[in-house]
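# Summary of structural features
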Amino acid sequence: MKKQTKFKLYKVAHSQGSDAQMLKVLQAETFNYFLNEVNLQTGLIADKTEPGSPSSIAAVGLGLTSYIAAVERGLISRDEVVKRTLTVLKFLHSCKQGTEVDATGYKGFYYHFLDMSTGKRAWKCELSTIDTAILMAGILTIRQYLTNENKEEKEIRQLAEELYLRVDWQWALNGGETITHGWNPESGFLPYRWDKRYNEAIILYVLALGSPTFPIEPAGYKKWTETFEWKKMYDIECIYGGPLFIHQMSHLWLDFKGINDDLNRKIGIDYFENSRRATLVQQKYAIDNPEGFAHYGEYAWGFTASNGPGPCKMSINGVKRKFYGYIARGAPFGPDDGTISPWAVVASLPFEPRVVLKTIRHAIEKLDLKKHSNYGFDGSFNPTFLSNGDNAKGWISPWQLGLNQGPIIIMIENFQTGLIWNTIKKCPYIINGLKRAGFRG
């Protein structure tokens, strides 16, 4: 183990009060992203705060889900949420679905990135199965929440139903048993499938299995789960997935406590317990700090998909370092370049609150990781990266992403009230999908 480099970091911030007060403020500050980074004419939500950013359909799904928590917390009125939701669902429903290169989607799926104003495909991106699933999870969740019998909420429920039911999950199999990553009009289906190792795709398979219009067969889900790797790391055994978001994304909506599929019954733990163990692996890796990165420790961890200071190479304190840009960082087997993502810590709050609460407090009170942002935490930071060799504070991401902001709001709410979990549990399509995947309990 290399000796950890020591750096003096940010000034001590003011005390956050009780844990409940700290979470209340963080949730409210983070929700400002979804209040402001939206086109009110289309309802589309920006991928990130960088000027000119297109919309990310995953950010839309997370935003719709976050609206629910925000209503309950008094951060936005129900009427405003109804207005915004109706706007975006009408827009998505009416946008062009076809094989044209500038369409919004095809076969009920949507392109990963859309122009904020027109809804047209941006950046020649792929028609994304996982991002469409995150969008649909948000759409179905808010459908279950807005249950009043007025005209607007009835229309929202009808639109949500139609958007979900027209997704052709069978088409996305491309003749196989497992779901492909996506498709583009220039070259057809991508060569990759959701068929290897544990990842964020449980929500994708549950939605595809539960569809009453284009359901896939359970064989593909079981074939995929059979590839999951059981590993022992720092004397902790769990299903391995390096980046922390893998252990969180499906859990934003699905409460896995006490329910088990075939693999869970075989290994003896559910996916909730698995995420708890994965959270502790991350903390132990940071304490071990085998590469000697700055400021890793008991309350400084969180390795996941995030922006970084690279790509570049630099020699720091005599050690040659390779830094990445946006990449899925993981622990304990990497990749790792010293970049920490505070949002990923918060998204593990329901799994291991004792550890996570102390880590959140450390990030706010000791590292002052909210002072550079209007929307809660900085997206990511790297105290090892010294620009021009003399910046003791290291690198801080200039942008925040909707994909990071949503999990903070949602998991704080699930930890405190279980609101999102309890809302989606009422959805018959989710229940059917879980049952067809083999979940019992």
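Residues numbered from 1 in each chain as written. Predicted model: local features only at pLDDT ≥ 70, side-chain atom pairs only at ≥ 80, totals over all residues. Heavy atoms only, no water.

### What about the nonpolar core?
If you look at the biggest cluster of nonpolar residues, it comprises 141 residues, and the most contacted ones within it are M136, W169, I179, L207, W253, Y271 and I360. For this core, the element with the most residues is helix α2 (residues 57–72), which contributes 11 residues. Sequence-distant contacts of I179, defined by excluding residues within four places in its chain, comprise T129, A172, L173, R193, W194, L204, Y205, A208 and I216. (Core = buried A, V, L, I, M, F, W, Y, C linked by side-chain atoms within 4.5 Å. Buried < 20%, exposed > 50% of the residue type's maximum accessible area, 1.4 Å probe, protein only. Helix = DSSP H or I, 4+ residues; strand = E, 2+ residues; numbered from the N terminus. Contact = heavy atoms within 4.5 Å.)

### Let's talk about the pairing of strand β12 (residues 319–323)
Regular strands show a simple pattern: their side chains alternate between the two faces of the sheet. As paired elements, strand β11 (residues 312–316) and β12 share five bridges and run antiparallel to each other. Residue C312 lies in a different strand from β12, and its bridge partner there is F323. Hairpin geometry of β11 and β12 is characterised by an intervening segment of two residues between the two adjacent antiparallel strands and by a positive phi of about 50° at N317. (Pairing = 2+ DSSP bridges.)

### Quick notes on helix α12 (residues 402–416)
Its 15 residues give α12 an end-to-end C-alpha distance of 22 Å, which sits within 8% of 21 Å, the value for a rise of 1.5 Å per residue. Counting buried positions along α12 yields 12 of 15 residues, so the element is predominantly enclosed. Taken together, the buried positions of α12 are occupied by G402, N404, Q405, G406, P407, I408, I409, I410, M411, I412, E413 and N414. For α12, the elements touching its buried residues are α1 (19–36), α2, α10 (342–346) and α13 (419–424). (Expected span 1.5 Å × (residues − 1).)

### Quick look at unusual backbone geometry
Residue A331 is joined to P332 through a cis peptide bond whose omega torsion reads 5°. Here P332 lies in the loop between β13 (327–328) and α10. A cis geometry characterises the amide bond from G334 onward to P335, with omega recorded as 0°. Among the secondary structure elements, P335 is positioned in the loop between β13 and α10. A positive phi angle is found at W123, which is not glycine, with a value near 60°. By secondary structure assignment, the location of W123 is in the loop between β4 (113–114) and β5 (127–128). Among the residues examined, W123 registers a relative accessible area of 58% and is labelled exposed. The phi dihedral of D368 is positive, around 55°, even though this residue is not glycine. In this fold, D368 is placed in the loop between α11 (353–366) and β14 (381–382).

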